[in-house]
Amino acid sequence: DYFIQEFNVDKNRVYLTGLSNGGLMTYRLAFELPEKIAAFASVIACLQEELIENYSPKEPVSILIMNGTEDPLMPFNGGDIHFYKKKLGKVISTEETVKFWVKKNNCSQKPDLARLQDKDPLDGTRVKREIYLGGDNGTEVILYTIEGGGHTWPGGLQYLPEKIIGKTCRDINGCEIIWEFFKKHNK
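Residues numbered from 1 in each chain as written. Predicted model: local features only at pLDDT ≥ 70, side-chain atom pairs only at ≥ 80, totals over all residues. Heavy atoms only, no water.

## Notes on the layout of surface pockets
Over the atoms, a rolled probe matching the size of one water molecule traces out where space is still vacant.
So, point 1. In this structure, the largest pocket occupies an estimated 280 Å³ of space.
So, point 2. Considering the residues around the largest pocket, the lining is formed by 16 residues, among which S20, L73, H82, F83 and H151 are closest to the centre.
So, point 3. Counting residues per element, the ones that place at least two in the lining of the largest pocket are α2 (21-32), β4 (79-83) and α5 (162-165). (1 Å grid on protein atoms, 1.4 Å probe; cavity = no way out; pocket = protein on both sides within 12 Å on 5 of 7 lines; lining within 4 Å. Points joined across faces, edges and corners; volume = space filled by probe spheres on them. Helix = DSSP H or I, 4+ residues; strand = E, 2+ residues; numbered from the N terminus.)

## Observations concerning unusual backbone geometry
So, point 1. Phi at I44 is positive, roughly 45°, even though this residue is not glycine.
So, point 2. With relative accessibility at 1%, the residue I44 sits in the buried group.
So, point 3. In the Ramachandran plot, N106 falls in the positive-phi region, its phi being about 65° despite a non-glycine side chain.
So, point 4. With respect to the helices and strands, N106 occurs in the loop between α4 (94-105) and β6 (112-115). (Buried < 20%, exposed > 50% of the residue type's maximum accessible area, 1.4 Å probe, protein only.)

## What to know about empty space enclosed by the protein
So, point 1. In this structure the tally under the stated criterion is one cavity of 30 Å³ or more.
So, point 2. Along its surface, the largest cavity is lined by I44, M66, N67, G68, I146, G149, G150, T152, P154, K167 and C169.
So, point 3. For the lining of the largest cavity, a count of residues per class yields five nonpolar, five polar and one charged. (Nonpolar A, V, L, I, M, F, W, Y, C, P; charged D, E, K, R; others polar.)

Below you can see the structure in the form of structure tokens.
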């Protein structure tokens, strides 16, 4: 609201993305502020069990998800979030997260599937994309599964050693994909 008022931001083209804990925040705001945000992108995060047990989204939202199958911190298949030896809550699996949004948005149950080009065979990752269209109010759900990917931003820096966070995908650029997704959506 501040940026809309003070800097003339287009209130119909406000977007939200987050990585890891920021991805969890992205889901939370998709539940709580969908009327103010045109589209959401969550990277290396799954829906928290506590969130879906205690809250319900106010309205359908377009959402893009990018998760690595070999993430040592945020479990792709659900379970406890780990940071070193600390457990930081539980999440449902990536598959369940996608199904949740597909159902809430009333999207097609059958996705458009694609295996993307392996642009960097040395990075040890592959990318699969699923697009669920036809949701209420024109919403869609998109999943980028980074096979072999870790707790990293696709196309980003390997900010910690691979043994701590896993592999960084070099086959796609997460920033470009998210921006292309956001540009298609407005309120």
